[in-house]
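# Residue-level structure breakdown
As a plain string of letters, each chain reads:
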Amino acid sequence: MAYLGEEEDSESSREFRSRALLAKLQEQVKARERQSVSDRADEDEDHQGDKEQKKRKREEPEMEGVQRKTEKGESERKTDLTDEVASLAKKKKKQKTLSTENENKESDNEKSVEITETKSTTFHILGGFEEKTVQKVKRVLPQWLAQPDVIQRDIKNNLIPISEVPGICPILLKKLQTNGIQNFFPVQAEVIPAILESVSSGLLLGPGGYRPRDICVSAPTGSGKTLAFVIPVVQALSMRVVRDVRALAVLPTKELAQQVSKVFSTYTEGTSLKVVMITGQKSFGAEQTALSEIRGGVSHSLGDIVVATPGRLVDHINKNSNFSLQHLRFLIIDEADRMIDGMHQSWLTQVTKAVYRSPADTQTSVFRRILPGPITVASLSPPQIPLQKLLFSATLTHNPEKLQLLDLHQPRLFTSTHSRTETSTQSQDAFNFPQGLAEYYVPCTLSKKPLIILHFLLRLKFSPALCFTNSREAAHRLYLLVKLFGGVEVAEFSSKLNPSERQKTLKDFEQGKIPLLISTDAAARGIDINGVKCVINYDAPQYIRTYIHRVGRTARAGKAGSAFTFLLEVQEKSFLQMVRDAGSPGIQRHFVKPEALRSMETRYEQTLAELGKVVKEENSRKRF
Ligand SMILES: Nc1ncnc2c1ncn2[C@@H]1O[C@H](COP(=O)(O)OP(=O)(O)OP(=O)(O)O)[C@@H](O)[C@H]1O
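Please read all numbers here as calculations on a predicted model, not as lab measurements. (Residues numbered from 1 in each chain as written. Predicted model: local features only at pLDDT ≥ 70, side-chain atom pairs only at ≥ 80, totals over all residues. Heavy atoms only, no water.)

### Things to note about the packing of aromatic side chains
Think of a pair of aromatic rings as described by two things: how far the centres are apart, and how the planes are tilted against each other in angle. Counting across every chain of the model gives 10 aromatic pairs. Between the aromatic rings of Phe229 and Phe264, the centroid separation amounts to 6.0 Å while the plane-to-plane angle is 50 degrees, which identifies the pairing as tilted. One end of the pair, Phe229, is in helix H9 (residues 225–237); the other, Phe264, is in helix H10 (residues 254–268), and 35 residues separate them in sequence. Where Tyr440 meets Phe564, the ring centres are 4.9 Å apart and the plane angle is 15 degrees; that geometry is what we call stacked. A residue pair is termed long-range when its members are at least 10 positions apart, and Tyr440 in strand S15 (residues 437–443) and Phe564 in strand S20 (residues 561–567) qualify at 124 residues. The pair Tyr440 / Phe564 is uniform in exposure class, with both members buried. An aromatic cluster of at least three residues, connected via ring pairs, comprises Tyr440, Phe456, Phe462, Tyr538, Phe564 and Phe566. (Phe/Tyr/Trp six-rings, centres within 6.5 Å; stacked < 30°, edge-to-face > 60°. Helix = DSSP H or I, 4+ residues; strand = E, 2+ residues; numbered from the N terminus. Buried < 20%, exposed > 50% of the residue type's maximum accessible area, 1.4 Å probe, protein only.)

Take a look at the structure:
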């Protein structure tokens, strides 16, 4: 019962304090009244009554007025004193007016006592109750974000002959030529030398014994970011003696990992470097066998470069005791903004732990990796393999708080995003769009959307076309409708398909066997399909990043391409605003006249009826 006792105690002491304060305030009022009477007498003497009255009114805002009724209920009196004063102070404005009025009335009204405190009294209300306009906080970017290395967006007019980029070894130059690459794209010409510079003194600590700077690259879709890391990493690792995992590329999906793994394999072909992919496409056991082997009772790595999806990577870190990242030199994070969003999986923490995990045989190990800390003579004396992070994305966030999650070391940013000032007030990130991209929006109604797709394919011959919907169901329904209508080969692409079906579908589309591919966002990011002429957003994307990645499946590698977004009337305003805010060079209106669709309408009505039956059948099959 001690708790209750204390409560009672505190209540009675609060009441006591309230009374004491009230008495004090009343005392002050009386003193003020006396003062006021003598002032008025003085004023009369000076014949300045009117003037002074006005002056007092002007000075009133500087006074803190507190009004209280003496006949308050018992419960009200128990109110905490501070709260009371604060709440009364909040009503200040109203009371100021009242206070002036009451000054005249107070002698008539015995029940009401007006208590006014002037600056000279000891009872101060510290500031904070007045309404002040809140000052806008200016966003100041860290220097590395505010002053990046700029990459030209125009690929065609900024090609650099491969032999002019310093530091690339003759073997790789030859390989590039064999693969039809005579010139580097701007992002490659800037980033390749920067990464090579950080390994100029070998795979151990960077020049001068300093840890190399992490590198962030934000360049448009299709600008050639993959080669920008593949070439320098392959060249850097070609100087290694013992095989160990020294480069790890992490990508959000199996398809993207496969794509990157293929490029690494192309440029490591004929060297002793080996690329291993761990994405879950093979069984865990098969991946284990590909990663390492036991010789003489000791585990040996079979891969120099590992390309992984985050989930499977974490599985190997935790469950495969022979998988070691203790010699990791490069951590490549492609589609980095997506990988930051997926940080809840904490894959990066797991990778960092695995990199700095002390080896079982500490005695015999030449290297002991120590988590980077302050640079001291002692910390620099043993040879160190620095871990350098290389981040790539077409929509890399410039939000320092998000980037902070990656724990970057003195990062260097390469970006083609148009000029942003150090004190940019833009709340939204702005991105760059491929130079050859023409953007259009198509005003339409829900019922006309499928007809417009058919019109695009059958009449306007917009193919190969990649069409995006916002869900698997919508993709499937549209696929069925186009198929039933006839006249155009169509396929669907979504997580419904298994990995090999997905691979085959993409291949058929790329080879021109399928002119229309209807897809969910599974094909929106990173997928490099050669020759896509047109992207159609059948459903408008909700987020700007989704839009940028979707439309970026065309106009790649400096080529031209068009993107059409179907917009319902209600979507137009906000969508167009979102696209403009993101730095789009301009999205034009493409209106399809109703007459253009008329000849297809009868067939379309029949197809809709057929579609209804097919969907019903499919649903009943699913139930059994
Ligand atoms: N120097 C070059 N010369 C000719 N073609 C190139 C060159 N560099 C890259 N490409 C080709 O350009 C295409 C786009 O490259 P890549 O996939 O690396 O783009 P990206 O910037 O990663 O795009 P995204 O952001 O969409 O993933 C690929 O087909 C690639 O083979």
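### Digging into the pattern of salt bridges
A full pass over the atoms with the stated rule returns 17 salt bridges. Between Arg545 and Asp337 there is a salt bridge, with its nearest N and O atoms 3.2 Å apart. On the criterion of sequence distance, the pair formed by Arg545 in helix H20 (residues 544–551) and Asp337 in helix H13 (residues 336–341) is long-range, its members being 208 residues apart. On the basis of relative accessibility, which here comes to 21%, the residue Arg545 falls in the partly exposed class. With a relative accessible area of 2%, Asp337 lands in the buried category. (Salt bridge = Lys/Arg side-chain N within 4 Å of Asp/Glu carboxyl O.)

### Observations concerning the layout of surface pockets
Considered as a void within the structure, the largest pocket measures approximately 1,600 Å³ in volume. Lining the largest pocket are 50 residues, with Gln259, Val263, Asp528, Ile529 and Arg556 positioned closest to its centre. Taken together, the elements giving at least two residues each to the lining of the largest pocket come down to H9, H10 and helix H19 (499–510). A total of nine residues in the lining of the largest pocket trace back to one element, the largest contributor, which is H10. Looking at the lining of the largest pocket, you find at least three residues from each of domain 1 (145–358 + 384–415) and domain 2 (437–621). (1 Å grid on protein atoms, 1.4 Å probe; cavity = no way out; pocket = protein on both sides within 12 Å on 5 of 7 lines; lining within 4 Å. Points joined across faces, edges and corners; volume = space filled by probe spheres on them. Domains from an automatic or database assignment.)

### Some points on the domain arrangement of the protein
The domain boundaries assigned to the protein delineate domain 1 (145–358 + 384–415) and domain 2 (437–621). Centre-to-centre, using C-alpha coordinates, domain 1 lies 33 Å away from domain 2. On the side of domain 2, 16 residues touch domain 1, which itself brings 18 residues to the contact. For the pair domain 1 and domain 2, the summed buried area comes to about 1,500 Å², and 51% of that belongs to carbon and sulfur atoms. Summed over the shared surface of domain 1 and domain 2, the number is four salt bridges. Residue Arg525 is joined to Glu335 by a salt bridge in which the shortest nitrogen-to-oxygen separation is 2.7 Å. Residue assignment for the side of domain 1 that touches domain 2 shows that the elements contributing at least two residues are H10 and H13. Split by residue class, the side of domain 1 that touches domain 2 holds five nonpolar, seven polar and six charged. (Contact = heavy atoms within 4.5 Å. Buried area = accessible area lost by both parts, 1.4 Å probe. Nonpolar A, V, L, I, M, F, W, Y, C, P; charged D, E, K, R; others polar.)

### Observations concerning the confidence of the model for the protein
Summary statistics for the protein give a mean pLDDT of 81 and a share of 75% for residues scoring 70 or more. Contacts for the low-pLDDT stretch residues 1–9, under 50 throughout, to residues beyond four places or in other chains number zero contacts. Note that residues 419–427 has pLDDT below 50 and, in this model, 17 contacts with residues that lie over four places away or in other chains. Listed scores for the predicted complex are pTM 0.75 and ipTM 0.99. (pLDDT = per-residue confidence, 0-100.)

### Observations regarding unusual backbone geometry
Along the chain, Ser463 connects to Pro464 via a cis peptide bond; the corresponding omega equals 0 degrees. Even without being glycine, Asp407 reaches a positive phi, approximately 50 degrees. Take Asp407: it is sitting in the loop between helix H16 (400–404) and strand S14 (412–415). On the accessibility criterion, Asp407 (55% relative accessible area) is exposed. Of note, the phi angle at Lys461 is positive, near 55 degrees, even though the residue is not glycine. Checked against the element boundaries, Lys461 lands in the loop between helix H17 (449–459) and strand S16 (465–468).

### With respect to the site of the ligand
By nearness alone, 20 residues border the ligand, and Asn183, Gln188, Lys225, Thr226 and Asp528 come closest of all. The separation between a nitrogen atom of the ligand and a polar main-chain atom of Asn183 is 2.8 Å. Taking Ser223, its main chain carries an N or O atom lying 3.2 Å from an oxygen atom of the ligand. Isolated, the ligand exposes 640 Å² of accessible area, and the fraction of that covered by the protein chains is 81%. Judged by its atoms lying within 2 Å of the grid points, the ligand is housed in the largest pocket. The set of elements that each furnish at least two residues to the shell around the ligand consists of strand S5 (183–184) and H9. (Near = heavy atom within 4 Å. Polar contact = N/O pair within 3.5 Å; in protein donor to acceptor, adjacent residues only side chain to side chain. Areas by Shrake-Rupley, 256 points an atom, 1.4 Å probe, with all protein chains shown as cover. Sits in = over half its atoms within 2 Å of the grid points.)

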